[in-house]
Structure formats: structure tokens, C-alpha cells
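Commentary on secondary and tertiary structure
The residues making up each chain are set out below.
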Amino acid sequence: MRNKKKYAKERRSHRVNRDNFIVLLTELHEKKKLDSTSLWADLYPTVSKDTRYLAMLGQPGSTPLDLFKFYLEDLKSTMHDDKKMIKDVLRSASFEVEPDTSYEKFHSIISNHEKTKGIDKGNIKLHFLNLLEKAEAREKEAQRAEERKIKRKETAFKHMLKDANPPITTKDEWSQIVVRFETDPAFVAFSDEHSKSRLFKDFVASLEPESNSEDYEKHKKKRHKKDKKHKYRSKRSPSYNMTGSSDDDRKKKHKKADIDKGNIKAALPESSGES
């Protein structure tokens, strides 16, 4: 009977120690020293000096670390309700989180409102990070959409230059022919004057010599003459290669070199029988 009483007394003492430690955690939460994002390693230097922590050491059951984890889970369990209140406050303040919004600005709006004064600081931080991530994603998508839009405009502008009638030549200057395109939808849709000039220069640089110019005709005739000569040599000698020399030509060159060096024997044709 005495042992049962002693055991019951110890259990009550252990429960009181656990309750007191939870009170300690609540005090730290109210002082903004503990929230749903806190780490035990960061909190330990503070709680380890408190008698309510020391009283729990060595007793069976949940440890101080276990109670700390349970406490954080309870704080996080209110995240859904906290999120709804935070949205209401932001809506009433006509405030929207942007990629450059600071946490300090966001926190001041939430923490100073009567409706959200008791919200866990960690939940406020987590919701801010969630809204910030969404804002950054929206900005990136908007940038990609703008890049695609500009790409389509550039493509339409290039087609406009390509389909110009009369055709654009390498002698044309943008300032002189721009008036020809001012009513074209591709021109009107592209408001960046610098880009228009750049695309025109790129287009002109890609053109071959003008088909009606004297330089182009000379270039064309010269290339035709060279192709014709190549074709004639190929017909005469099957062994004609890309160097422009046939096997007979190479033999003649070697023979002449041997005669010049005085090597007459090497220059003579090989005999099938004895002399």
C-alpha cells in the first residue's frame, strides 16, 4: 500500500514537472523567443538554465525535447486558421506581396492588426515565404511571357523585311526606307525603334550581293567559268582529284625533276626484258 502511494506521488510529481516545462515554453512563445520554426539547438541555451527544465532530467516518460517537439506541432496545427486571418488582414490593407517585399514590412502589417496579434510569429514567417515564392514565380512567368511576345514580334518584323516589294538591297538605309513600312502591322506592333534598326541591319548583313549589281554578275561569271573548267578536266582524266592534278601530270613532274638532277636512269621507262 505504501509503495502504491509512493508511486502515485512520483507520477504526480513527474506530471507537474512536465506541465511546468510546458508553461516555460508558453512563456518563451509569448516573449517571441519561440515559434513554429524554432530549433531546439537555438533554444537549449535558454531553457537549460531554468529549474523547470532541470526538474525533468532523469524522470521517465517524455523528455524536454519531446515536449518541445509536441509544442511546435501544436503551433503548426493552427497554420490553416492563421493563414485565413493573414489573408483577411492583407486584403483589408490592400497589400500584396511582391518579389522585393521585405519581411519587416509584411510582419508590421500583420502583427499590428488587432485580428492577428496572437498569431504565431513562425506561422507569419512561413506564410510570408509562401507568398514571396508565389510572387517570384509570377514575375518569372511574366518575364518569359514578355520574351515570347518580343520573339513573335521580331519574327513578324523579319518576315516583313523579307517580303518587302521592291526587295531590300545592301545599299538601302533604314532611315530612307522606313516610310515604306510605317503602316505595316508588324512595324506598328514593334515600338522599340532601336530594335527595329538592329533587325534591319542584321537582315541586310545576311543578304548576298545584289542580283542586279555589276559585282554580283562578275562573281557569278567567275564561279561559272571555274565550275566549267573543273567539269572539263574531270571528263578527261578519271584520276583527276580535288588538287587539280591527274596521275599523268604527277608522273611528268617527277620525271622532269629526275632529269634536272641528272638521274637519267630513274627518268627512263621500265623495260620488260634484259638489254
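Provided above is the structure to which this section pertains.
Residues numbered from 1 in each chain as written. Predicted model: local features only at pLDDT ≥ 70, side-chain atom pairs only at ≥ 80, totals over all residues. Heavy atoms only, no water.

This model, assessed by the stated rule, comprises 10 salt bridges. Salt-bridge contacts for Arg138 lead to Glu96; the nearest nitrogen and oxygen are separated by 3.5 Å. With a gap of 42 residues between them, Arg138 in helix 7 (residues 121–162) and Glu96 in the loop between helix 5 (79–92) and helix 6 (103–111) connect regions that are remote in the sequence. Note on Arg138: relative accessible area 42%, which makes it partly exposed. (Salt bridge = Lys/Arg side-chain N within 4 Å of Asp/Glu carboxyl O. Helix = DSSP H or I, 4+ residues; strand = E, 2+ residues; numbered from the N terminus. Buried < 20%, exposed > 50% of the residue type's maximum accessible area, 1.4 Å probe, protein only.)

As a further point, take a positive patch on the surface. Judged by side-chain charge, Lys9, Arg11, Arg12 and Arg15 come together as a positively charged surface patch. Structurally, the position occupied by Arg11 is in helix 1 (residues 2–30). (Patch = residues over 30% accessible without salt bridge, like charges linked within 9 Å, V, L, I, M, F, W, Y side chains within 5 Å. Areas by Shrake-Rupley, 256 points an atom, 1.4 Å probe, with all protein chains shown as cover. Lys, Arg positive; Asp, Glu negative; His and termini not counted. Charge placed at Lys NZ, Arg CZ, Asp CG, Glu CD.)

Okay, the nonpolar core next. In terms of nonpolar packing, the biggest core is built from 16 residues, with Phe157, Leu161, Ile168, Trp174 and Phe181 touching the most fellow members. Going through the elements one at a time, helix 7, helix 8 (174–177), helix 9 (185–189) and helix 10 (193–205) are the ones with two or more residues in this core. With four residues, helix 10 is the largest single contributor of residues to this core. Each residue touching Leu161, except ones within four places of it in the same chain, is listed here: Ile168, Trp174, Phe181, Leu199, Phe200 and Phe203. (Core = buried A, V, L, I, M, F, W, Y, C linked by side-chain atoms within 4.5 Å. Contact = heavy atoms within 4.5 Å.)

Time to look at the packing of helix 5 against helix 6. Put simply, helix 5 and helix 6 touch, their axes get as near as 10 Å, and they point 100° apart. With respect to each other, helix 5 and helix 6 are oriented roughly perpendicular. Residues Ile86, Val89 and Leu90 of helix 5 lie in contact with helix 6, whose contacting residues are Phe106, Ile109 and Ile110. Taken together, the residues of the contact of helix 5 with helix 6 break down into six nonpolar, no polar and no charged. (Axes fitted to C-alpha atoms, helices over the stretch in contact; angles between N-to-C directions. Parallel < 35°, antiparallel > 145°, perpendicular 65-115°, else oblique. Nonpolar A, V, L, I, M, F, W, Y, C, P; charged D, E, K, R; others polar.)

With respect to the helices and strands, Asp120 occurs in the loop between helix 6 and helix 7. Here Asp120 is buried and forms no salt bridge, its nearest opposite-charge partner Lys32 lying at an N-O distance of 7.3 Å. Engagement of the side chain of Asp120 in a polar contact is seen with the side chain of His29, the distance being 2.7 Å. A polar atom in the side chain of Asp120 sits 2.9 Å from the backbone nitrogen of Asn123. Sequence-distant contacts of Asp120, that is, excluding residues within four places in its chain, are made with His29, Leu34, Asp35, Ser36, Leu75 and Asp82. (Polar contact = N/O pair within 3.5 Å; in protein donor to acceptor, adjacent residues only side chain to side chain.)

A few words on the packing of aromatic side chains. Inspection of every chain in the model, using the stated rule, returns 12 aromatic pairs. Ring centres of Trp40 and Tyr44 lie 6.0 Å apart, and the angle between their planes is 55°; this geometry places the pair in the tilted category. Residue Trp40 and its partner Tyr44 are both found in helix 2 (residues 40–47); the two are separated by four residues, about one turn of the helix. Since its relative accessible area comes to 19%, Trp40 is described here as buried. By relative accessible area, Tyr44 is classed as partly exposed at 37%. Taking the centre distance of 5.1 Å and the plane angle of 40° together, the rings of Trp174 and Phe200 count as tilted. Taken together, the residues span a long stretch of sequence, with Trp174 in helix 8 and Phe200 in helix 10 at a distance of 26 residues. (Phe/Tyr/Trp six-rings, centres within 6.5 Å; stacked < 30°, edge-to-face > 60°.)

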